[in-house]
Amino acid sequence: MRTTYFDNSRFPLALIATALPLLLAACGGGGGGDNGQPTTPTTPTGPQAVAIEFAAKAGNLPAKCGTPIAGMGTTQATVDLHDLRFYVSGVSLINDKGEAVAVTLDVNDWQTKEVTLIDLEDGTGACADAGTQAQNTQVRGTVPAG
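Residues numbered from 1 in each chain as written. Predicted model: local features only at pLDDT ≥ 70, side-chain atom pairs only at ≥ 80, totals over all residues. Heavy atoms only, no water.

Colleague: What exactly am I supposed to notice about the pairing of strand E2 (residues 48-58) here?
Modeller: Residues in a regular strand project their side chains so that they alternate between the two faces of the sheet. Most of E2 is tucked away, with 8 of its 11 residues classed as buried. With 6 bridges joining them, E2 and strand E11 (residues 138-143) adopt antiparallel strand pairing. Note that in E11 the partner of Ala51 across the bridge is Arg140. Across 2 bridges, the pairing between E2 and strand E3 (residues 61-62) is antiparallel. In the sheet register, Lys57 faces E3, and the bridge partner there is Pro62. The antiparallel hairpin formed by E2 and E3 contains 2 residues in its connecting segment, where Gly59 sits at a positive phi of about 70°. (Buried < 20%, exposed > 50% of the residue type's maximum accessible area, 1.4 Å probe, protein only. Helix = DSSP H or I, 4+ residues; strand = E, 2+ residues; numbered from the N terminus. Pairing = 2+ DSSP bridges.)

Colleague: Looking at this structure, I do not really get the side chain of Asp119. What am I missing?
Modeller: Its location among the elements puts Asp119 in strand E10 (residues 115-119). Buried within the structure, Asp119 lacks any salt-bridge partner; its nearest side chain of opposite charge belongs to Arg85, at an N-O separation of 4.6 Å. (Lys, Arg positive; Asp, Glu negative; His and termini not counted. Salt bridge = Lys/Arg side-chain N within 4 Å of Asp/Glu carboxyl O.)

Colleague: What is the right way to read the confidence of the model for the protein from this model?
Modeller: For any part of a model where pLDDT is low, the fine detail of the predicted coordinates should not be relied upon. Confidence along the protein averages 79 in pLDDT terms, with 71% of residues attaining 70 or more. Long-range and interchain partners of residues 1-33, a stretch whose pLDDT sits below 50, account for 60 contacts in this model, where long-range means more than four residues apart. (pLDDT = per-residue confidence, 0-100. Contact = heavy atoms within 4.5 Å.)

Colleague: Hey, could you run me through the packing of aromatic side chains in this one?
Modeller: Each aromatic ring pair is characterised by the separation of its centres together with the angle its planes make. Scanning the model with the defined rule gives 1 aromatic pair in all. Relative to Phe86, the ring of Phe54 lies with its centre 5.8 Å away and its plane at 70°, an arrangement referred to as edge-to-face. Residue Phe54 is found in strand E2, and its partner Phe86 is found in strand E6 (residues 85-89); the two are separated by 32 residues along the sequence. Here Phe54 and Phe86 have matching classes, each one buried. (Phe/Tyr/Trp six-rings, centres within 6.5 Å; stacked < 30°, edge-to-face > 60°.)

Colleague: What is the right way to look at the environment of Ala55 in this model?
Modeller: Of note, Ala55 is situated in strand E2. Distance in space between the C-alpha atoms of Ala55 and Leu120 is 7.3 Å, their sequence separation being 65 residues.

Colleague: I'm lost on the nonpolar core in this one. Help?
Modeller: Buried together is how nonpolar side chains tend to be arranged in soluble globular proteins. Counting 22 residues, the largest nonpolar core has Phe54, Val88, Val103, Ile118 and Val139 as its most contacted members. Secondary structure elements with two or more residues in this core: E2, strand E4 (69-72), E6 and E11. (Core = buried A, V, L, I, M, F, W, Y, C linked by side-chain atoms within 4.5 Å.)

Colleague: Explain the pattern of salt bridges to me, please; I cannot follow it from the model alone.
Modeller: Working definition: two side chains of opposite charge can pair if their charged atoms are close together. What the rule picks out here adds up to 2 salt bridges. The salt bridge involving Asp83 is made with Arg85; its shortest N-O contact spans 2.7 Å. The partly exposed category is assigned to Asp83, whose relative accessible area is 35%. Connected through shared salt-bridge partners, Asp83, Arg85 and Glu121 make up one network.

The structure is reproduced here in structure tokens:
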């Protein structure tokens with residue numbers, strides 16, 4: 001398995017991937033019992049839906065089509081995005097035991113069972129040459145319970 005890291009010296013635009021587990025399935029519990037005491041939540045037993053959100057940043061600011069990005073490189077150049085699309089595969093999350101757990105990708109217009117196209121360009125500004133308005137900022141799938 002090959003791991004590739006984002007080389008910030010060659011590409012100063014930082015891509016931030018934030019794992020946001022979205023529990024879309026109801027987990028039960030949390031209400032009140034007959035005696036007015038809260039009930040203990042049940043542990044999910046089936047797959048849990050997750051979404052991993054991606055965003056483009058230049059330093060601490062959002063990087064997007066149509067907005068010049070100042071201060072890039074050793075010459076502090078101002079640049080424009082022309083495209084911002086990439087593929088993600090082999091997605092895993094780390095569980096509370098420190099183990100990598102593979103995400104089973106949902107199949108939709110942006111993903112197959114093996115790969116997701118992350119599309120952060122919106123077809124505006126310099127991205128209009130090759131881009132579209134449609135965007136995909138998430139890898140969506142499921143992980144086992146727990």
